[in-house]
Amino acid sequence: MTQLLERTSERVSFDDLEIGEIALDLDDQEPEDVIEWGLSTFGDRIAIVTALQADGMAILDMAVKIKPDVRVITVDTGRLPQETYQFIDEVRAHYPRTQWDVLFPEATEVEAMVQRRGVNLFRNSVEERMLCCQIRKVRPLVKALQGLDAWFTGLRRDQWASRAAIKKVELDHDHEGIVKINALADWEGDEVEAYLKENGAPVHPLYAQGFTSLGCAPCTRPIQQGENDRAGRWWWETGAPKECGIHCPIETGSFEHEAQAIFAEAERRSAR
Ligand code: SF4
């Protein structure tokens, strides 16, 4: 499995037909094999994008065994729990050769949003929650993805209805057709847990407090018995997808309109 990978700087891309064939080949393969395909195909133009959840940690642990200096991207939304900040440092120390990009939202956009809608706007409506996710998380990630040909995610089919049909390898048409690799698509949560335990990989401390999905501090809580793993995200909302918008486009009309007003306001602030 282990091999030295050459750094690649040339763009690597696939069309729908090609990726469909690759997806068929890889869909019954083990996660490590899918990850190895991603690393050997895309070299340094692929990164693990993770919020430090268990699935992302499993992907990272598997990838490091193939490519110790694998690229890792995470977003500091500015509203993460203190435990996550500490955990980022712990993970970096555990995998010392990994190459990290910790992304931040545009300060002027956050300022404009908070000025117009308040610090805790996400409690006002689904649209305003999505607006906050868009400014603080999605936009920084979208910019980072523009420099990549592929990304690894920790998505699993059993997490939420919006993820039930994901493939292990697919074209990400929401992000300029780069390749999205969901190596754990057919795993369940207990398989991820078992992998982390067997391999001594770092585990976010909030799992021990009943959290089953991790995000920003004000928008995430432990789940109740019998609830879906993502039920602790934006728990006050009803009928809205448990998604921030990076893995599926969420269009509400008013949210996009308000986002455009904020971008314009941010530009005015930058020009001052
Ligand atoms: S999870 Fe909450 S605080 Fe974090 S970006 Fe989304 S709405 Fe904002």
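Procedures and definitions
Residues numbered from 1 in each chain as written. Predicted model: local features only at pLDDT ≥ 70, side-chain atom pairs only at ≥ 80, totals over all residues. Heavy atoms only, no water. UniProt positions renumbered as here; feature names shortened; annotations may be inferred. Helix = DSSP H or I, 4+ residues; strand = E, 2+ residues; numbered from the N terminus. Rg over C-alpha atoms; globule rule 2.2 N^0.38 Å. Buried < 20%, exposed > 50% of the residue type's maximum accessible area, 1.4 Å probe, protein only. Contact = heavy atoms within 4.5 Å. Areas by Shrake-Rupley, 256 points an atom, 1.4 Å probe, with all protein chains shown as cover. Lys, Arg positive; Asp, Glu negative; His and termini not counted. Charge placed at Lys NZ, Arg CZ, Asp CG, Glu CD. Axes fitted to C-alpha atoms, helices over the stretch in contact; angles between N-to-C directions. Parallel < 35°, antiparallel > 145°, perpendicular 65-115°, else oblique. Left-handed = near helix turned anticlockwise from the far one by under 90°. Nonpolar A, V, L, I, M, F, W, Y, C, P; charged D, E, K, R; others polar. Salt bridge = Lys/Arg side-chain N within 4 Å of Asp/Glu carboxyl O. Core = buried A, V, L, I, M, F, W, Y, C linked by side-chain atoms within 4.5 Å. Phe/Tyr/Trp six-rings, centres within 6.5 Å; stacked < 30°, edge-to-face > 60°. Lys NZ or Arg CZ within 6 Å of the ring centre and 35° of its normal. Pairing = 2+ DSSP bridges.

Per an unreviewed UniProt entry, the chain goes by Adenosine 5'-phosphosulfate reductase and derives from Jatrophihabitans cynanchi. For the record of the chain, the UniProt heading Pathway (unreviewed entry) holds the text "Sulfur metabolism; hydrogen sulfide biosynthesis; sulfite from sulfate." We quote the UniProt Sequence similarities (unreviewed entry) comment for the chain here in full: "Belongs to the PAPS reductase family. CysH subfamily."

Looking only at helices and strands, the chain has eight helices and six strands in total. Start at the N end of the chain and walk to the C end: the helices and strands fall as α-α-β-α-β-α-β-α-α-β-β-β-α-α. Against the compact-globule benchmark of 19 Å for 272 residues, the chain has a radius of gyration of 18 Å, which places it among compact chains. Taking all 272 residues of the chain together, 52% fall into the buried category. Residue pairs in contact within the chain that sit at least 24 positions apart in sequence constitute 73% of those at least 6 positions apart. Roughly 12,900 Å² of accessible area belongs to the chain as shown, and the carbon and sulfur atoms make up 47% of that amount. The average position of the 31 basic charges and that of the 48 acidic charges among the side chains of the chain differ by 8 Å.

Our next topic: the environment of Ala-201. In this structure, Ala-201 sits in the loop between helix H7 (189–199) and helix H8 (254–271). Judged by its relative accessible area of 9%, Ala-201 is buried. Considered as a pair, Ala-201 and Gly-239 are 38 residues apart in the sequence and their alpha carbons are 35 Å apart. When neighbours within four sequence positions are excluded, Ala-201 is seen to be in contact with Asp-61, His-94, Tyr-95 and Leu-196.

What follows covers the packing of helix H2 (residues 31–42) against helix H3 (residues 54–66). H3 packs onto H2 with a crossing angle of 60° between their chain directions and a minimal axis gap of 10 Å. By the criterion of interaxial angle, the relationship of H2 to H3 is oblique. Handedness of the H2/H3 crossing: right-handed. Where H2 abuts H3, its residues Pro-31, Glu-32, Ile-35, Glu-36 and Leu-39 lie against Ile-59, Met-62, Ala-63 and Ile-66. Residues that form the contact of H2 with H3 fall into these classes: seven nonpolar, no polar and two charged.

Once that is clear, we can look at the UniProt feature "active site" (unreviewed entry) in the chain. Within this structure's numbering, the places UniProt gives as "active site" (unreviewed entry) are Cys-244. Relative to the elements of secondary structure, Cys-244 occurs in the loop between H7 and H8. Judged by relative accessible area, which is 6%, Cys-244 ranks as buried.

Right, let's talk about the pattern of salt bridges for a bit. Scanning all chains against the criterion turns up 13 salt bridges. Ionic pairing is found between Arg-45 and Asp-149, a salt bridge with its closest N-O pair at 2.7 Å. One end of the pair, Arg-45, is in the loop between H2 and strand E1 (46–49); the other, Asp-149, is in the loop between helix H6 (126–145) and strand E4 (150–152), and 104 residues separate them in sequence. As far as the burial class goes, Arg-45 and Asp-149 line up, both buried.

Take the nonpolar core next. One finds Ile-35, Trp-37, Leu-60 and Val-179 to be the most contacted residues of the largest nonpolar core, which totals 41 residues. Counting residues per element, this core draws most heavily on H3, at nine residues. The contacts of Leu-60, once residues within four sequence positions are left out, are Ile-48, Val-70, Val-72, Val-91, Tyr-95, Thr-98 and Trp-100. Counting 30 residues, the second largest nonpolar core, distinct from the first, contains Ile-73, Leu-121, Cys-132 and Ile-135.

A separate point is the packing of aromatic side chains. Evaluation of the coordinates by the stated rule reveals six aromatic pairs. What links up through ring pairs into an aromatic cluster is the set Phe-14, Trp-37 and Phe-42. The ring centre of Trp-234 lies 3.8 Å from the NZ or CZ of Arg-129, which sits over that ring. The cationic tip of Arg-139 hangs over the ring face of Phe-263; the distance from NZ or CZ to the ring centre is 3.7 Å.

Bridge count between E4 and strand E6 (residues 178–181): three bridges; the pairing is parallel. When the sheet's bridge partners are listed, Ala-150 is paired in E6 with Val-179. From the end of strand E5 (residues 169–172) to the start of E6, which pair antiparallel, there are five residues, and Glu-176 there has a positive phi angle of about 60°.

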